[in-house]
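Structure at a glance
Listed below are the residues making up each chain.
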Amino acid sequence: TANMAAITIIAMRVCRTTVIAAMLAVLAACSPGSANDSRQGVSRSVPMGEFSADSAYSYVARQVAFGPRVPGTASHDSCATWIETRMRAWADSVIVQKGTVAAFDGTVLPITNIIAGFNLPQTKRILLVAHYDTRPWADRESDPELHNTPIPGANDGGSGTAVLMEIARNLARKAPTVGVDILFVDAEDYGPGETSISDTGFDGWCLGSRYWTQNMIPYGNHNLPAYGILLDMVGGRDAVFHYEYFSQRDAVTPTVKVWSEAMQLGYENIFCRQVGGAVNDDHLVITAAGIPTTDIIESNSKSTGSFPDTWHTLDDNLENIDPDVLDAVGKTVLNVVYKERP
């Protein structure tokens, strides 16, 4: 996952790996009420699909079993083929977009974006997004000798992909009333480290989504989805998802839909109605291309104040994935999809 931007009331500036020091606004408390707490004014809901946390967890495990999914490696290509195969079994259409991108250090990376479509005749569409690649360097490890070791990417890459795969399995069994496109983007996490950022800024991040927005298969430059939902690091233990700053500023509709649905499902302890970090992630690229996209991401961890402590370390492994968190995110997003109307 790309880095975070720090926000103050006076000014906003891009920062390399900065913890949020001051919040622009506090929209509501994190602490949940009871399931029948009418003071919150929240009507309760039930899961509309058959999202399985065990199934989603197994998809995380399968990705981790391939090894680090760094673009240009055999384990990455095997994972991409596996995702494509599963989507062809579930989706109405699958498009594989291949290309090359230049990384911040000059490395030319082969990339593969995968787009799966559901309910193709519907013109009103929703876009769901996750990156499946993993970081080539554990550059947040305390031991410098480990910095060049690729991370397992169970949470950062694996979790969002797994939740979207389980959602795809559900959509194959029960079609939504609107069109849904699931985009698995590549080369999100091949960005510059803390010591290597210079004039490049953050241009080295989110390379797959940047490539996709240059030719937004299957839309071209017309009939864009009404909105998008990005899932990134959505399976960590004890994760709490605050409003990501840019999402609540630039993608109000999907942000309200997701957090409201989470409240209705009783996930107040996981989806917090306060502003968290400002994250440089795929949603910024996609929003700038005309699809307002919200980011479900742990950006205000209670242990670090920003990303979870496993971020870009070798501890981003299967042991630190929580099926209950996968379940909350998956059921929330699936309900948003099923409740949408043409």
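Every chain begins its residue count from 1, and numbering advances along the sequence as written. Local features in this predicted model are restricted to residues of pLDDT 70 or higher, and side-chain atom pairs are both shown and tallied only at a pLDDT of 80 or more, whereas totals for entire chains, interfaces and linings draw on every residue. Side-chain metrics in this entry use all non-hydrogen atoms of the structure; hydrogen atoms and water are not considered.

This brings us to the overall build of the protein chain. Looking only at helices and strands, one finds 8 helices and 11 strands in the protein chain. When checking whether two residues touch, look at their non-hydrogen atoms; a contact exists if any pair is within 4.5 Å. Contacts in the protein chain between residues at least 24 apart in sequence constitute 78% of all its contacts with a sequence separation of at least 6. Strands are runs of DSSP state E lasting at least two residues, helices are runs of H or I lasting at least four, and both sets are numbered from the N terminus onward.

Structural elements are reduced to axes, namely lines fitted to C-alpha atoms, with helices fitted over the stretch in contact, and the angle between N-to-C directions of any two is expressed from 0 to 180 degrees. Put simply, helix α2 (residues 74-90) and helix α3 (residues 158-173) touch, their axes get as near as 9 Å, and they point 20° apart. Classified by the interaxial angle, the pair formed by α2 and α3 is roughly parallel. Two packed elements cross with a definite hand, and for α2 against α3 that hand is left-handed. Together, W82, I83, R86, M87 and W90 of α2 and T161, M165, A168, R169 and A172 of α3 make up the contact between the two elements. Three classes are used: nonpolar for Ala, Val, Leu, Ile, Met, Phe, Trp, Tyr, Cys and Pro, charged for Asp, Glu, Lys and Arg, and polar for all others, with Gly counted as polar. Grouping the constituent residues of the contact of α2 with α3 by class yields 7 nonpolar, 1 polar and 2 charged. Angles below 35 degrees are treated as roughly parallel, those above 145 as roughly antiparallel, those between 65 and 115 as roughly perpendicular, and all remaining angles as oblique. Left-handed is the label given to a crossing in which the near helix is rotated counterclockwise from the far helix by less than a right angle, and right-handed is the label when the rotation is clockwise.

The next thing to look at is the sheet that holds strand β4 (residues 108-118). Any two strands are treated as partners once DSSP identifies two or more bridges connecting them. Read across the sheet, 6 strands follow the order β3-β4-β6-β5-β7-β11 without closing on themselves; strand pairing throughout is mixed. The open sheet has two free edges, formed respectively by β3 (93-102) and β11 (293-297), since each of these has just one partner strand. Each adjacent strand pair in this sheet contributes to an overall mean axis angle of 20°, direction not counted.

Another aspect to go through is the pairing of β4. Relative accessibility under 20% of the residue-type maximum defines a buried residue, over 50% an exposed one, and the middle range a partly exposed one, all with a 1.4 Å probe and only protein chains included. The buried fraction of β4 amounts to 9 of the 11 residues, a majority that puts the element mostly inside the structure. Alignment of β3 against β4, held across 10 bridges, turns out to be antiparallel. Its bridge partner lying in β4, V96 is registered against I114. Between β3 and β4, which follow one another and run antiparallel, lie 5 residues, and G106 among them has a positive phi close to 95°. With 5 bridges joining them, β4 and strand β6 (residues 179-185) adopt antiparallel strand pairing.

Note the cis peptide between I217 and P218, where omega equals 5°. Positionally, P218 belongs in the loop between α4 (207-214) and β7 (227-232). Positive phi, close to 55°, is recorded for N119, a residue that is not glycine. Relative to the helices and strands, N119 resides in the loop between β4 and β5 (125-131). Exposure remark for N119: the relative accessible area of 18% places this residue in the buried category. Unlike most non-glycine residues, M233 shows phi in positive territory, near 55°.

A few words now on helix α6 (residues 252-264). Here the expected span of a helix is defined as 1.5 Å times the quantity of residues minus one. An ideal rise of 1.5 Å per residue puts 18 Å on 13 residues; α6 measures up with 18 Å between its terminal C-alpha atoms. Of the residues making up α6, those classed as buried are P254, T255, V258, W259, E261, A262, M263 and Q264. Of the surrounding elements, those touching the buried residues of α6 are β7, β8 (241-243), α5 (245-250), β9 (271-275), β11 and α8 (323-339). Just downstream of α6, G266 is the residue with a positive phi angle, here 90°.

A few words on the pattern of salt bridges. Whenever Lys or Arg places a side-chain nitrogen within 4 Å of a carboxyl oxygen from Asp or Glu, that contact is recorded as a salt bridge. Overall, the coordinates contain 11 salt bridges when judged by the stated rule. Between E261 and K339 there is a salt bridge, and its shortest N-O distance comes to 2.9 Å. Here K339 lies in helix α8 and E261 lies in helix α6, a separation of 78 residues in the sequence. According to the relative accessible area criterion, E261 is buried, its value standing at 5%. K339 sits in the partly exposed class, given a relative accessible area of 34%. Between D327 and K331 there is a salt bridge, and its shortest N-O distance comes to 3.0 Å.

Moving on: the confidence of the model for the protein chain. Per residue, pLDDT measures the predictor's confidence, with a range of 0 to 100. Of the residues in the protein chain, 86% have a pLDDT of 70 or more, and the chain-wide mean is 88. Across residues 6-27, where pLDDT falls below 50, the model places 52 contacts with residues more than four positions away in sequence or in other chains. Confidence drops under pLDDT 50 across residues 195-201; counting only partners more than four residues distant or on other chains, this segment forms 7 contacts.

This next bit is on the packing of α3 against α8. Running from N to C, α3 and α8 cross one another at 45°; their axes reach a closest spacing of 10 Å. The pairing of α3 with α8 is recorded here as oblique in orientation. Considering the relative orientation of α3 and α8, their crossing is right-handed. For the pair formed by α3 and α8, the contact residues are S159, V163, I167, N170 and L171 on the first element and L326, V329, G330, V333, L334, V337 and Y338 on the second. Classifying every residue of the contact of α3 with α8 gives 9 nonpolar, 3 polar and no charged.

Next up on the list: the nonpolar core. Nonpolar side chains in soluble globular proteins generally cluster together in the buried interior. Formed by 58 residues in total, the largest nonpolar core has its most connected members in L128, F241, F271 and I296. Per-element tally for this core: the top contributor is α8, with 9 residues. To define a nonpolar core, start from buried Ala, Val, Leu, Ile, Met, Phe, Trp, Tyr and Cys residues and group those joined through side-chain atoms within 4.5 Å. I115, V129, W212 and M216 belong to the second largest nonpolar core, which has 11 residues in total.

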